[in-house]
Amino acid sequence: MVISVGVDAIGRMYKARFATRGQVAATATAIPYILCRPIPLQTRKPMQTNNRLRSCRAWLQDNGYQALIVPTNDPHFSEYVADHWRCRAWLSGFDGSAGTAIVSADAAIVSVDSRYFLQAERQLHPGFAVLRQQVAQAPEHLDWLIEHLPAGSTIAIDGRLCSASSLEKINARCTAHDLALQTCADPFADLWPDRPPLPNADLFALDLAYAGVDRGDKLQALRAVLADAALLVTALDEIAWLLNLRGADVPYNPVFHAWLIVAPDKAILCCDNPMPSSIRDALAASGVALRPYADIEAVVTAQKAPLCADLEQLPANLAATADFTHLRSPVALQKAIKNPTEIANLKKAMAKDARALDAFYRWLHTERDQRQLTEWDCVEQLDACRAAQGNYLGPSFAAIVGHASHGAIVHYHPTVEESAALADGLLLIDSGGQYLEGTTDITRTIALGRPTAEQKLHYTLVLQGLIALSRARFPTGTTGNQIEVLARHPLWQRGLNYGHGTGHGVGYLLNVHEGPQSFGRGATAKTTPLQPGMLITIEPGYYVSDSHGIRSENMVVVVEAEHEGYLRFATLTIHPIATDLVDEELMDESESQWLADYNARCAETLMGD
């Protein structure tokens, strides 16, 4: 029998681990936070000198390289990574969740998309410059390399942090311009003297009452797709979902470092994380053998069945050990379509979040009359309000609390040492929680004091976009990319736009950003049809540098519509949308009615508690 995710079990498991973190849950719940926060790698105050960059250039010279590419990801191509893998952040100072650093003998850049332009400018260490991507997800840093380096130069990249697919593409570009690309061992093993060790948190099993489907059934469904082939699963959230296990190795994401091979007759989990004997026994009963994390190459080479892997998620050094056939991971889609138990539980999580947010905003308005509050005060209070709801494991990402001009920095988040005081102006709060009942993500923008006419205009246009996409009906087979325009259209009519995607999938007690579905511009947004059971956020926004930022975000689930062959969205998020920022003259009758109905449902839910 697997270990249950009960209060006492989790409490015993994580008491010692978090005793030194100073993270104490509110008294209303006995479950401590099991999700770690990133360790600050440096203060946000600009460095006067950059010994790290100097050491990196010395490493280049010693090893005969002319440039080093430093990706953001870990060997599992995670969006959020453990502190051990935050090499780009340590080297450059920029700690956003996406971006690529490049260091050469006489220049250093960090390439970022529009979400991070302002943040990167503020955070980069001396010697680094921002390369502003003109097209999101385009490898424009390669164009910079080609223009900057002389013919015959050699470029290094850690073979564990570059996928087999990316290595092939980068190498082709380099070869065409007489540049050589070589994979190298981890440069930061030498460069980063006080580097945090690889995490190794205890695992816990997600009870069937939360997971909805047994791990054996999930493995069987995967094998039905694979036929006689074996699949190497590299994505941490896919491994956690398949095996109904959760961990605490990565900030905000309840995953653990592991590799998983699913073969026709067995499965092998390469993982070093401690786990109780009940989990070991349950895995064995499901045909899952355990091996050390470092054994993955030996496990791969020993496989008899034809090997498949997603080459966009397979480290280049691992791809070199065997003959892999490319297969976009079937697990991603299976995980994205939530089962009835997950959806029912998520509605409970949304109700908890509703109570937490109601308590928070009441606190905000009351406390602001009593003392000077800061953005960081809001971060801490949000956490406390969610913890008071029970079964709360921690935030699902670093809360974005942006007052006034900080709201225009799309992924800004305050810290203890850098946090603006809350004066009159707009306040954008994007936050979420990890509950046993699911993962939440919500954004609201409110006015502290009297809003300007311009702010009301921008807010109303963003709200109209949220409403338009929320009430869309669309035929089966439609992708997120095909209907995302509905959220942008009100802004476009005024010659306005925003630089980020309109929404992303959300995991179940997993990563807050989950694919393959999205309202974005990437390949999967264009090729993955929306299907019943998929979770996705709707979050249009508008941002004015040095003034304000506005974003409104709800989580929705795809459901069958009234007409056969059509789908629609059911809104799951429960928290009223502020009306004092709405310019009623811009709203038509149906939009005003949608807003009134939504806020009434939110109020009814809270009163029902």
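The structure we're discussing is the one just above.
Residues numbered from 1 in each chain as written. Predicted model: local features only at pLDDT ≥ 70, side-chain atom pairs only at ≥ 80, totals over all residues. Heavy atoms only, no water.

Caption draft 1: A look at the packing of helix H15 (residues 340-368) against helix H16 (residues 375-387). Across the interface, H15 lies against H16 with an axial gap of 8 Å and an inter-helix angle of 140°. Considering the angle they form, H15 stands oblique to H16. As for the relative orientation of H15 and H16, their crossing is right-handed in sense. Here Asp 353, Ala 356, Leu 357, Ala 359, Phe 360, Trp 363 and Leu 364 of H15 lie close against H16, whose contacting residues are Asp 377, Cys 378, Gln 381, Leu 382, Cys 385 and Arg 386. Partitioning the contact of H15 with H16 into residue classes produces 9 nonpolar, 1 polar and 3 charged. (Axes fitted to C-alpha atoms, helices over the stretch in contact; angles between N-to-C directions. Helix = DSSP H or I, 4+ residues; strand = E, 2+ residues; numbered from the N terminus. Parallel < 35°, antiparallel > 145°, perpendicular 65-115°, else oblique. Left-handed = near helix turned anticlockwise from the far one by under 90°. Contact = heavy atoms within 4.5 Å. Nonpolar A, V, L, I, M, F, W, Y, C, P; charged D, E, K, R; others polar.)

Caption draft 2: Broad picture of unusual backbone geometry. With an omega dihedral of 5°, the bond running from Gly 515 to Pro 516 counts as a cis peptide bond. Examined against the element boundaries, Pro 516 turns out to sit in strand E23 (residues 514-519). Non-glycine residue Asn 244 carries a positive phi angle of around 55°. With respect to the secondary-structure elements, Asn 244 resides in the loop between helix H10 (236-243) and strand E9 (245-246). Even without being glycine, Tyr 252 reaches a positive phi, approximately 75°. When you line up the elements, Tyr 252 lands in the loop between E9 and strand E10 (258-262).

Caption draft 3: Layout of the sheet that holds strand E6 (residues 180-184). Spatial ordering of the open sheet is given by E4-E3-E2-E1-E5-E6, a layout of 6 strands whose pairing is mixed. Both edges of this open sheet fall to strand E4 (129-132) and E6, since each of them pairs with a single strand only. Taking each pair of neighbouring strands and ignoring which way they run, the sheet shows an average axis angle of 25°. Of the strand pairs in this sheet, strand E2 (residues 100-104) and strand E3 (residues 108-112) are connected by 4 bridges, and their pairing is antiparallel. By the bridge assignment for E3, Ile 102 is matched with Ile 109. Contacting strand E1 (67-70), E2, E3, E4 and strand E5 (154-158), helix H5 (residues 140-148) crosses the sheet at an angle of about 10° to E2. Sheet contacts for helix H6 (residues 164-176): E5 and E6; angle to E6, the most-contacted strand, approximately 145°. (Pairing = 2+ DSSP bridges.)

Caption draft 4: View of the sheet that holds strand E11 (residues 267-271). Strands sit in the order E12-E11-E10-E8-E13-E14 across an open sheet of 6 strands; the sheet is mixed. With one partner strand each, in any of the chains shown, strand E12 (288-291) and strand E14 (324-326) form the two edges of the open sheet. Averaged over all neighbouring strand pairs, the angle between strand axes comes to 25°, with direction disregarded. Sheet topology note: the E11/E12 ladder contains 4 bridges and is parallel. In the strand pairing of E12, Leu 269 is matched with Leu 290.

Caption draft 5: Representation of the environment of Glu 342 in the model. On the secondary structure map, Glu 342 appears in helix H15. For the pair Glu 342 and Ala 209, spaced 133 residues apart in sequence, the C-alpha to C-alpha distance is 8.8 Å. Apart from residues no more than four positions distant in its own chain, Glu 342 is found in contact with Tyr 210, Ala 211, Trp 241, Ile 337, Glu 437 and Tyr 508.

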